[in-house]
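What follows is each chain in one-letter form.
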Amino acid sequence: MGQLVVNADDFGLSSLVDDGIAEAVEAGVVTSVSVMVNTPGFDDAMRRAPALVARASIGLHFNLTTGAPVSPAADVPSLVDRAGRFLALGALVRRAVSGRLRPDDVRREADAQLARLRSGGVAPTHADSHRHVHALPAVRGALAAAAASAGVPAVRRPLEPLRARPVNAAALAKRAFLAAAWAVPSSGVRVRPGTTAFRGLALLGVRRYAEDLLVLLDALPAGSTELMVHPGRDDPSVAAWDPYVTERAVELAALLSAPVRERLGRGDLRLVPFNAAGPA
């Protein structure tokens, strides 16, 4: 029987996003959440965390692309613009490629974000990153080092085979970019994922989310898999923080739908949190 960790990214983005994620956890279709600690819904997420921890693992969703750092901006100058705000994703990638993104700054901010999560009473079981920025070599080793130092056992490896089902042009581009970035060596600690496989890139923004999710579930590899999802209630205010807005309610409806719940309960998959998943 395969193990499946269904991880909801962006817990803490907004209270309405948190609503949707909490409903999916309570329904048993999400078994893990990753928390953004410097976004508007963080306090709400921490209020909800004690009720979720019995049913889901809780980790850090490391953020370097929206809002402001937890660290003083002057302490992480390579991560911010002149106003002390995080760079947009494209600018962050360009700074990383040009060698101007300092791993020491990344490590300092990762330590600060992990500390803020712990201050909310959470002992994180895993770490990943918003927009997969830790695929960048300057970020990857620093985040892995911060996680290891904080006793966080697992860091996401966001790599899917190019031809993993479902296949679409957007998924192929994402998979290829992440694979190329990951292939560049990174200094620091080696990433240790919590599962043997990762899936979910091909589902981002698709028109037929429920149907494509069923295709993905039927094609999972043997062993343990992390499935990345982004459920939430519709919240137009999220657009100021992230481009993925209306799609969140679509994902939530699909995860709660009868066909998906029937497929998850068929008996060939065991839904588990990260702290119960088999070794990668």
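See above for the structure.
Here's a quick rundown of the structure. It should be emphasised that the depicted structure is a prediction, and the values quoted were computed from it without experimental measurement.

1. Here's the deal with the layout of surface pockets
Okay, so step 1: In this model, the largest pocket occupies a volume close to 450 Å³.
Okay, so step 2: For the largest pocket, the lining is made up of 24 residues, of which Leu-89, Arg-131, His-132, Lys-174 and Leu-204 are closest to its centre.
Okay, so step 3: Contributing elements (two or more residues each) for the lining of the largest pocket: β1 (2-11), α3 (89-97) and α6 (169-183).
Okay, so step 4: Classifying every residue of the lining of the largest pocket gives 13 nonpolar, five polar and six charged.

2. Looking at the side chain of Arg-140
Okay, so step 1: Positionally, Arg-140 belongs in helix α5 (residues 137-149).
Okay, so step 2: Buried and unpaired, Arg-140 has Glu-226 as its nearest opposite-charge partner, separated by 14 Å.
Okay, so step 3: Sequence-distant contacts of Arg-140, that is, excluding residues within four places in its chain, are made with His-134, Ala-135, Ala-181, Trp-182, Val-184, Pro-185, Ser-186 and Val-191.

3. Looking at the nonpolar core
General note: in soluble globular proteins, nonpolar side chains tend to be found buried as a group.
Okay, so step 1: Membership of the largest hydrophobic core comes to 77 residues, with the highest contact counts inside it found for Val-30, Leu-217 and Leu-227.
Okay, so step 2: Sort the elements by how many residues they give to this core and α5 lands first, with seven residues.
Okay, so step 3: Setting aside its immediate chain neighbours within four residues, Leu-227 contacts Leu-4, Val-5, Val-6, Asn-7, Arg-199, Gly-200, Leu-203, Leu-213, Leu-216 and Leu-217.

Reading the values: rules and limits
Residues numbered from 1 in each chain as written. Predicted model: local features only at pLDDT ≥ 70, side-chain atom pairs only at ≥ 80, totals over all residues. Heavy atoms only, no water. 1 Å grid on protein atoms, 1.4 Å probe; cavity = no way out; pocket = protein on both sides within 12 Å on 5 of 7 lines; lining within 4 Å. Points joined across faces, edges and corners; volume = space filled by probe spheres on them. Helix = DSSP H or I, 4+ residues; strand = E, 2+ residues; numbered from the N terminus. Nonpolar A, V, L, I, M, F, W, Y, C, P; charged D, E, K, R; others polar. Buried < 20%, exposed > 50% of the residue type's maximum accessible area, 1.4 Å probe, protein only. Lys, Arg positive; Asp, Glu negative; His and termini not counted. Salt bridge = Lys/Arg side-chain N within 4 Å of Asp/Glu carboxyl O. Contact = heavy atoms within 4.5 Å. Core = buried A, V, L, I, M, F, W, Y, C linked by side-chain atoms within 4.5 Å.

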